[in-house]
Amino acid sequence: MWQTVSNEDLPAADQCPFWGELVSRELAPLTLNSAYGAVDFRASASVLDLDSVRVAAFNSPPAYLKRTWADIRRADPGTYQLLLVSGTPLWISQRRQDSGLVLGDMLLFDVSYPFEGEVPDRGLNTQVVILQLPREAVPLPYDKVRRLLAQPLSARGGMGAILARFIDSLDAYGPECDPRDLSRLGAMALDLAGACLAQHLGAYDDLPAETRQQALLARVNAFIDHNLGEPGLTPADIAAHHHISLRSLHLLFRQQGETVAASIRRRRLERCHADLTDPRLRQRSIGAVAARWGYLRPAEFSRAFRAAYGMAPREIRQAALRGLPVAGRAAPDDK
């Protein structure tokens with residue numbers, strides 16, 4: 001269930017205390033202070049439950065947070081908190097480790113131990129999306145994971161970038177998902193988080209086989225998305241890039257319910273559809289749109305597009321520009 005809370009309607013003097021209570025309830029009991037507390041502390045939070053995993057997005061003015069042993073005795077949910085930080089830098093200190101200022105990357109902390117953190121910049125709001133992960137569900141031994149507490153975790157490449165993109169997508173699109181899919185998304189979050197932490201630890205072999213398989217599938221999907229504009233992209237290229245056999249790649253994609261080639265076609269057509277229905281790109285020719293996403297033969301693109309959406313590219317563009325409803329998803333294609 002997606003829940004959104006804001007303190008904007010409260011008197012200024014009540015906004016910061018309300019926010020401190022909210023953060024204590026959604027994360028764990030702690031103390032929150034801010035220089036803005038008596039003036040203007042407008043903030044909002046959204047929480048999405050994914051079975052055992054939760055996603056929490058917070059947007060608030062700069063603040064200082066501290067959790068003590070006394071707070072832990074009050075309540076200990078036994079979770080790791082994995083933060084994706086944007087807006088303005090923040091720091092966290094835990095178990096004699098200090099992150100320094102972090103922005104655009106991720107941070108991990110454990111609510112079962114004291115910690116403190118702060119956003120020292122008074123210019124911008126703090127924006128963080130947090131994955132709340134049950135500690136016993138993370139498939140890595142604690143004595144290894146603790147090395148990563150309060151340490152910057154890069155979100156700019158490898159599994160870190162894939163996980164960060166997944167966290168962002170949960171925040172943006174999670175509320176639109178069918179409730180039946182949320183549990184699967186929670187399982188994916190655990191797999192990707194485990195793979196990301198294992199990569200930073202150099203402990204990939206410690207992961208269960210299923211987690212490694214899910215992480216590989218995520219890397220393959222990210223590679224496909226990044227290379228959709230390459231006309232010559234083939235399953236063989238993808239398998240070679242990831243140092244696996246073509247048969248292993250096809251077996252990996254069985255769990256997605258479509259072949260590798262069908263997945264490439266569908267994603268290319270979806271990108272073309274998005275461009276053709278974007279009024280900001282109305283001056284870009286249909287041929288240029290098709291070529292951008294790997295279609296160099298206009299006739300081939302037109303046939304594939306009509307088969308997927310039931311309309312020619314020009315027709316769907318004209319309908320979108322006139323504000324008429326158009327098909328939003330490509331028809332299944334598993335040829």
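All values reported here derive from a predicted model rather than from experimental measurement.

## Comments concerning the overall build of the protein chain
Now for step 1: Scanning the protein chain from terminus to terminus reveals 12 helices and 11 strands.
Now for step 2: When each of the 335 residues of the protein chain is scored for burial, the buried share is 46%.
Now for step 3: Summarising the internal contacts of the protein chain: among those between residues at least 6 apart in sequence, 69% fall at separations of at least 24.
Now for step 4: For the protein chain, the exposed surface amounts to about 16,800 Å²; the carbon and sulfur share of it is 51%.
Now for step 5: Looking at the protein chain, you have 39 positive and 38 negative side-chain charges, and the mean spots of the two groups are 6 Å apart.

## What about the sheet that holds strand β5 (residues 64-67)?
As a general point, the strands of a sheet are linked pairwise by backbone hydrogen bonds and lie either parallel or antiparallel.
Now for step 1: The strand order across the open sheet formed by five strands is β2-β5-β10-β7-β8, and the pairing between neighbours is antiparallel. The open sheet has two edge strands with one neighbour each: β2 (31-33) and β8 (97-98).
Now for step 2: Note that β5 and strand β10 (residues 115-118) share four bridges and pair antiparallel. When the bridges of β10 are listed, leucine 65 appears paired with glycine 117.

## With respect to unusual backbone geometry
Now for step 1: Even without glycine at this site, arginine 95 takes up a positive phi of about 50 degrees.
Now for step 2: Given the relative accessible area of 28%, arginine 95 is considered partly exposed.
Now for step 3: One non-glycine residue, arginine 96, lies in positive phi territory at about 65 degrees.
Now for step 4: What makes arginine 96 exposed here is its relative accessible area of 90%.

## Some details on the packing of helix α9 (residues 260-276) against helix α11 (residues 298-309)
Now for step 1: Between α9 and α11, the shortest axis-to-axis distance is 11 Å and the interhelical angle comes to 90 degrees. As the angle between them shows, α9 and α11 are arranged roughly perpendicular. Of the residues in α11, those in contact with Leu269, Glu270, Cys272, His273 and Leu276 of α9 are Phe301, Ala304, Phe305, Ala308 and Tyr309.

## With respect to the side chain of aspartate 110
Now for step 1: Turning to its location among the elements, aspartate 110 is positioned in strand β9 (residues 106-110).
Now for step 2: Overall, the relative accessible area of 0% leaves aspartate 110 in the buried class.
Now for step 3: Other than its neighbours up to four places away in sequence, aspartate 110 contacts Thr79, Tyr80, Gln94, Phe115, Arg135, Tyr142 and Leu149.

## Re the pattern of salt bridges
Now for step 1: Summed over the entire model, instances satisfying the criterion amount to 17 salt bridges.
Now for step 2: A salt bridge links aspartate 206 to lysine 144; the shortest N-O distance between them is 2.4 Å. Here aspartate 206, found in the loop between α5 (179-201) and α6 (209-226), pairs with lysine 144, found in helix α3 (residues 142-145); they are 62 residues apart in sequence, far enough to count as distant.
Now for step 3: Given the relative accessible area of 35%, aspartate 206 is considered partly exposed.
Now for step 4: Exposure remark for lysine 144: the relative accessible area of 24% places this residue in the partly exposed category.
Now for step 5: Two residues, glutamate 270 and arginine 266, come together in a salt bridge whose shortest N-O distance is 3.3 Å. In this pair, glutamate 270 and arginine 266 are both assigned in helix α9, four residues apart and thus about one turn of the helix distant.
Now for step 6: The exposure class of glutamate 270 is partly exposed, given its relative accessible area of 25%.
Now for step 7: What you see here is one network of salt bridges that share partners, running through Arg25, Glu26, Asp49 and Arg54.

## Regarding the environment of leucine 228
Now for step 1: Among the secondary structure elements, leucine 228 is positioned in the loop between α6 and α7 (235-241).
Now for step 2: Since its relative accessible area comes to 0%, leucine 228 is described here as buried.

## Remarks on the packing of aromatic side chains
Now for step 1: Using the criterion set out here, one finds eight aromatic pairs in the structure.
Now for step 2: The interplanar angle of 5 degrees and the centroid separation of 6.2 Å between the aromatic rings of tyrosine 80 and tyrosine 142 together place this pair among those described as stacked. Here tyrosine 80 is found in strand β6 (residues 79-86), whereas its partner tyrosine 142 is found in helix α3, with 62 residues between them in sequence.
Now for step 3: Aromatic pair tyrosine 113 and tyrosine 142: ring centres 6.1 Å apart, planes at 15 degrees, arrangement stacked. Here tyrosine 113 is found in the loop between β9 and β10, whereas its partner tyrosine 142 is found in helix α3, with 29 residues between them in sequence.
Now for step 4: The partly exposed category is assigned to tyrosine 113, whose relative accessible area is 24%.
Now for step 5: Relative accessible area serves as the criterion here: at 22%, tyrosine 142 is assigned to the partly exposed category.
Now for step 6: Put simply, the rings of Trp69, Tyr80, Tyr113 and Tyr142 pair up and form one aromatic cluster.
Now for step 7: The positively charged end of arginine 95 is found above the aromatic ring belonging to tyrosine 113, 4.0 Å away from the centroid.
Now for step 8: Across from the ring centre of tryptophan 293, 6.0 Å away, lies the NZ or CZ of arginine 271, which sits over that ring.

Rules behind the numbers
- Residues numbered from 1 in each chain as written.
- Predicted model: local features only at pLDDT ≥ 70, side-chain atom pairs only at ≥ 80, totals over all residues.
- Heavy atoms only, no water.
- Helix = DSSP H or I, 4+ residues; strand = E, 2+ residues; numbered from the N terminus.
- Buried < 20%, exposed > 50% of the residue type's maximum accessible area, 1.4 Å probe, protein only.
- Contact = heavy atoms within 4.5 Å.
- Areas by Shrake-Rupley, 256 points an atom, 1.4 Å probe, with all protein chains shown as cover.
- Lys, Arg positive; Asp, Glu negative; His and termini not counted.
- Charge placed at Lys NZ, Arg CZ, Asp CG, Glu CD.
- Pairing = 2+ DSSP bridges.
- Axes fitted to C-alpha atoms, helices over the stretch in contact; angles between N-to-C directions.
- Parallel < 35°, antiparallel > 145°, perpendicular 65-115°, else oblique.
- Salt bridge = Lys/Arg side-chain N within 4 Å of Asp/Glu carboxyl O.
- Phe/Tyr/Trp six-rings, centres within 6.5 Å; stacked < 30°, edge-to-face > 60°.
- Lys NZ or Arg CZ within 6 Å of the ring centre and 35° of its normal.

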